[in-house]
Amino acid sequence: MTETQTLERPVEAKAKYNLIDCDIHPSMKTPAELHPYLSQRWKNHLVTYGGHTRQGLAETLSHPRMVPEVSRVDSWPPTGGPPGSDLPFLREQHLDGLGIDIGVLVPLRFNASGQRHPDFAVALATALNDWQLGKFLEPEPRLRGSIIVTQEDPASAVAEINRRAYDKRFAQILLPPRSIEPLGKRRHWSIFEAAVGHGLPISLHVGGVGGHPATGAGWPSYYIEEHHSQVQTMQAGIASLIFEGVFESFPELKVSFVEGGFSWVPAFGWRMDKAWSTMRDEVPHVTQPPSEYLRRNIWFTTQPMEEPNPAKNLTDTLKWIGTDRLMFSTDYPHWDFDDPRYAFKIPLTAAEKAAIFAGNAVNFYGLN
Amino acid sequence: MARHVVARVDELDIGKSKLVKVAGRDIALFNVKGEFFAIANRCPHEGADLCRGQMVGLAESDEPGQYRMTRHGELVRCPWHGWEFDIRTGKSWCDPARTRVKSFDVTVTKGGALTEGPYQAEVFPVSIDEDYVVVEI
Amino acid sequence: MNEMVRSLGKETGLSTVGGIDCDLHPASPATKTLLPYLDDYWRETFVMRGVDRLSLAMTSSPARAPINVRSEWKATSGFAGDTLETVRSQALDPFGTRFAICNVLHGSMIMHSDDMAAALCGAVNEWLAREWLDKEQRLRGSIIVSAQNAELAVAEIEKRAADKRFVQVLILAQNDEPLGRRRYWPIYEAAARNGLPLCIHAGGSNRHAPTATGWPSYFVEAYVAQASIFESQLLSLISEGVFHKVPDLKVVFAESGFTWLPSFFWRADKTWRGVRAETPWVTEQPSDIVKRHVRFTLQPVEAPIGTDALARTLEHIDCDDILLFSTDYPHAQFEGLNALSANFGETLARKILIDNPLATYSRIAADFGKEVAK
């Protein structure tokens, strides 16, 4: 990773967009909201069996969170239903409240890639995409969707990508970082091929149910550990993409890592470079130092904001990553939300601000 | 310093909180077991409204595996990131010296006593027989 | 080509003479070599079962992988560090090492049978005492134990601790469960009781995937993932309250890397503020606990040389006590004798080489004192 990497890319978006939020979580008043988008067969399945993922608990992830629905206490719609389930309130509190020009939806409910029933997974993915269109994207032009696919069934994933790619309201393909096998494995490559073919970026948002312990050290006891383990899972995904040679085969592929933080990126690049420099004979298909691919093909969203003490240490991190690689995100309505006005505790230049809060996302999503 | 009448006592039940605007400031008012407290509403971290936070007890422990909940309802968890603030003092639990919000003196006064003296209740109709929450700013 | 790669081999390091090498690896002994140190039952059944013909080498540390043996340190057997003579001539003498701690990375620590694991660990420790420590005054040992059965691990610690040349307890980074879990606490209490730091060295059982997203294809990828495992272990030790329960415990992370620490500090401290009620015994921010209780062996230094990366990272860590000198011999972490980057500066270098190890290892400090008194 070289040293000065700030703003090599032009900031074209200044005039058009000032604030793009790369991580908004839409929700449902009840699971029945999905019923209109499922066939009778899968509606019955959903009602009878519910989700059946690779973990012990049925309703929630393995570590209970510290607040209901993982959400800001002040984000519950006055009309009822969980946070993120009411479009008028989402508009009022979030889009209008913060002046967001474009918001990218990242639906997490039902976890299609985590379902063990392969056909139900496919039906869910399709239904979730139709649900995004019907509930959010059609009535609200500021919102963009994420194409939900079944990562564990790449053929079906590619079919779903092909079905949605024409619709520019979908901004990206969403994959879970926790999967049965690491992201870069060859069985996933048809998904990358489809993404590049359609000019769609891929986004990994923390979460997923791959069936493996949440850390390489085993299952942790506490949420505070599980929360942190998302960082390591992101690292594993990046290492896999790079060492499997995905970016050698798909040099145009753009991938963003969402809600995993970013302060670990430089040191992780240094570690990969050092290991690669010693053992590149094992992976001759990796022709560049890993940090070169990291630099070229990967973006990061900013939330949860890194908060060193003293705050100024963050300027080193920004310098090492490159301020053209960070995209602002709020994670609304989740509890570790970042407010665009106060998230950065260090001063940014006008150009850096324009890039992080909008320009980089415009480049990543191809919004121009 | 002036005293501002901000609420009728019966407007705020035990365990509840409320945003009041006094002299241009947003103040979070809390009823802790019948006692009233007022702190600055804005979380110093990212600006969330502390009046929207859950009022919680203090989780403590003498050793791993032992849990003790004390001071029920005396802390407010920021509605966003969950930082805990002592409602009585405005100090955060994790970093009391550096992360804190301003705390204001609060008294409960009979309406009859509010008709004279330095009290400011210009937008607040005061009745002689009711109890009122008064914040000093 | 980037900075890291361009800069390899160009650096001139600071002198390491008189230093305490906190991570040196004698070659893992062949099982046959251990037979004299096993009792009748294990000796006979190992021969009967053919275990004596196995190396019990671990997938997490293939001895011939280029990371694990520098080309010029390869012995005729192909395994570096396989004789005392090579360790003397390649490591102790050239680096001018005053004391070196032998960390034997042996499969005994990951055998599924509690009893077999304990028997083999005991044999490796005895072998280390007889074949290495008895013969070379500069060497010190780590008591290897299998963490999976704390009772047997404690028995081995208590037995071996009588030999003051053993200066710490050694376990691997990846075990069945995160190391903060209460099942492991008796090991930590025994270590602290005997004035022994707990060393957690890279490597592991691979009984579950080394990442939350499954099994990486390549060894280089798995090696990179080791740092992630260390991060998880660090947070586990903190969150479970190990340092509250065993306040005298010192933990040494070996071959973990350390340039990931600032990011760990920032995130762990921030998250703790929001969710600390879940673990109310953790009453300090995680970074403060780490700075008081946890130390890191120097190698590998993962930062591009010739930039400000290392200097800035050290400033971010903001703790001069945290690094312990190591060569990681015979692993390939640096070139020539440049174990100690010039970026550290003379003052910090002295701390890393001598003061920090002495503050960490009371048993070495006692011997160091005697040396000075003489």
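Thresholds applied
Residues numbered from 1 in each chain as written. Chains lettered and ligands numbered in written order. Predicted model: local features only at pLDDT ≥ 70, side-chain atom pairs only at ≥ 80, totals over all residues. Helix = DSSP H or I, 4+ residues; strand = E, 2+ residues; numbered from the N terminus. Rg over C-alpha atoms; globule rule 2.2 N^0.38 Å. Buried ≥ 20, exposed ≤ 12 C-beta atoms within 10 Å, placed from the backbone. Contact = placed C-beta atoms within 7 Å. Expected span 1.5 Å × (residues − 1). Nonpolar A, V, L, I, M, F, W, Y, C, P; charged D, E, K, R; others polar. Axes fitted to C-alpha atoms, helices over the stretch in contact; angles between N-to-C directions. Parallel < 35°, antiparallel > 145°, perpendicular 65-115°, else oblique. Left-handed = near helix turned anticlockwise from the far one by under 90°. Pairing = 2+ DSSP bridges. Right-handed = clockwise from strand over helix to strand, strands pointing away.

What about the overall build of chain B?
No. 1: Along chain B, the regular secondary structure elements total zero helices and 10 strands.
No. 2: N-terminal to C-terminal, the α/β element order of chain B is β-β-β-β-β-β-β-β-β-β.
No. 3: Here chain B has a C-alpha radius of gyration of 16 Å; the compact-globule value for 137 residues is 14 Å, and the two agree.
No. 4: In terms of its C-alpha atoms, chain B occupies a principal-axis envelope of roughly 55 × 25 × 20 Å.

Observations regarding the overall build of chain C
No. 1: Helices and strands together make up the secondary structure of chain C, namely 14 helices and eight strands.
No. 2: For 374 residues, the compact-globule estimate of 2.2 N^0.38 gives 21 Å, and the C-alpha radius of gyration of chain C, at 20 Å, lies within 12% of that figure.
No. 3: Summarising its shape, the C-alpha atoms of chain C cover approximately 55 × 50 × 50 Å along the three principal directions.
No. 4: Here chain C, with 374 residues, has 60% of them falling under the buried criterion.
No. 5: Taking the contacts inside chain C whose residues are at least 6 apart along the sequence as the reference set, 81% of them involve residues at least 24 apart.

Focus on helix 8 (residues 265-279) of chain A
No. 1: Along its 15 residues, helix 8 of chain A runs 21 Å from first to last C-alpha, staying within 8% of the 21 Å computed at 1.5 Å per residue.
No. 2: Where burial is concerned, most of helix 8 of chain A is hidden: 15 out of the 15 residues are buried.

A few points about the interface of chain A and chain C
No. 1: Listed as interface residues are 64 residues of chain A and, on the opposing side, 66 residues of chain C.
No. 2: Where the side of chain A that touches chain C is concerned, the elements lending two or more residues are helix 6 (223-243), helix 8 and helix 9 (290-297) of chain A.
No. 3: It is helix 6 of chain A that provides the largest number of residues to the side of chain A that touches chain C, a total of 15 residues.
No. 4: Split by residue class, the side of chain A that touches chain C holds 28 nonpolar, 22 polar and 14 charged.

Focus: the packing of helix 4 (residues 154-164) of chain A against helix 5 (residues 189-198) of chain A
All names here are of chain A.
No. 1: At their nearest, the axes of helix 4 and helix 5 sit 9 Å apart, and the two run at 15 degrees to each other. What the angle tells us is that helix 4 and helix 5 run roughly parallel. Seen along the crossing, helix 4 lies across helix 5 with a hand that is right-handed. Counting all contacts with helix 4, which are made through P154, A157, V158, I161 and N162, the residues of helix 5 involved are S190, I191, A194, A195 and H198.
No. 2: The residue makeup of the contact of helix 4 with helix 5, split by class, is seven nonpolar, three polar and no charged.

Here we look at the sheet that holds strand 2 (residues 102-105) of chain A
Residue and element names in this part refer to chain A.
No. 1: Strand order in the open sheet formed by eight strands is 1-2-3-4-5-6-7-8, and the pairing between neighbours is parallel. Two strands close off the open sheet at either side, each with one partner strand: strand 1 (20-24) and strand 8 (326-327).
No. 2: The sheet contact formed by strand 2 and strand 3 (residues 143-148) spans two bridges and is parallel. Bridge pairing links V104 to R144 in strand 3.
No. 3: Taken strand by strand, helix 3 (residues 118-137) contacts strand 2 and strand 3, and its axis lies near 175 degrees from that of strand 3.

Description of the pairing of strand 4 (residues 166-174) of chain C
Residues and elements named next belong to chain C.
No. 1: Within strand 4, nine of the nine residues are buried, which leaves it mostly tucked inside the rest of the structure.
No. 2: Here strand 3 (residues 139-144) pairs with strand 4 via four bridges, running parallel. Residue pairing across strands places I144 opposite L170, the latter belonging to strand 4.
No. 3: Following the chain from strand 3 across helix 6 (residues 150-160) to the adjacent parallel strand 4, one finds a crossover that is right-handed.
No. 4: Strand direction decides the pairing type here: strand 4 and strand 5 (residues 198-204), joined by five bridges, are parallel. By the bridge assignment for strand 5, L170 is matched with C199.

Considerations on the environment of E346 of chain C
No. 1: Relative to the helices and strands, E346 of chain C is located in helix 13 (residues 345-360).
No. 2: For E346 of chain C and L14 of chain C, which are 332 residues apart along the polypeptide, the C-alpha to C-alpha distance reads 7.7 Å.

Some points on the sheet that holds strand 3 of chain C
Residue and element names in this part refer to chain C.
No. 1: With respect to topology, eight strands assemble into an open sheet ordered 1-2-3-4-5-6-7-8, the strand pairing being parallel. Among the strands making up the open sheet, the edge pair consists of strand 1 (20-24) and strand 8 (323-324).
No. 2: In this fold helix 8 (residues 219-239) packs onto strand 4, strand 5, strand 6 (251-254) and strand 7 (294-297), with an angle of close to 110 degrees to the strand it touches most, strand 4.

Some details on the pairing of strand 7 of chain C
Residue and element names in this part refer to chain C.
No. 1: Every second residue of strand 7 is oriented toward a common face, with V294 and F296 on one face and R295 and T297 on the other, all of them buried.
No. 2: The pairing of strand 6 with strand 7 spans three bridges and is parallel. Looking at the pairing, V251 lines up with V294 of strand 7.
No. 3: Alignment of strand 7 against strand 8, held across two bridges, turns out to be parallel. If you follow F296 over to strand 8, its bridge partner there is L323.
No. 4: On the question of chirality, the crossover connecting strand 7 to the parallel strand 8 by way of helix 12 (residues 309-317) is right-handed.

Concerning the packing of helix 6 of chain A against helix 8 of chain C
Packed helices, taken two at a time, are described by the angle their axes make and the gap between the axes.
No. 1: Running from N to C, helix 6 of chain A and helix 8 of chain C point in directions that differ by 175 degrees, and their axes come no closer than 10 Å. Judged on the interaxial angle alone, helix 8 of chain C and helix 6 of chain A are roughly antiparallel. Every residue of helix 8 of chain C that contacts helix 6 of chain A at I224, E225, H228, S229, Q232, Q235, A236, A239, S240 and F243 of chain A is listed here: V220, E221, V224, A225, S228, E231, S232, L235, S236 and S239 of chain C.

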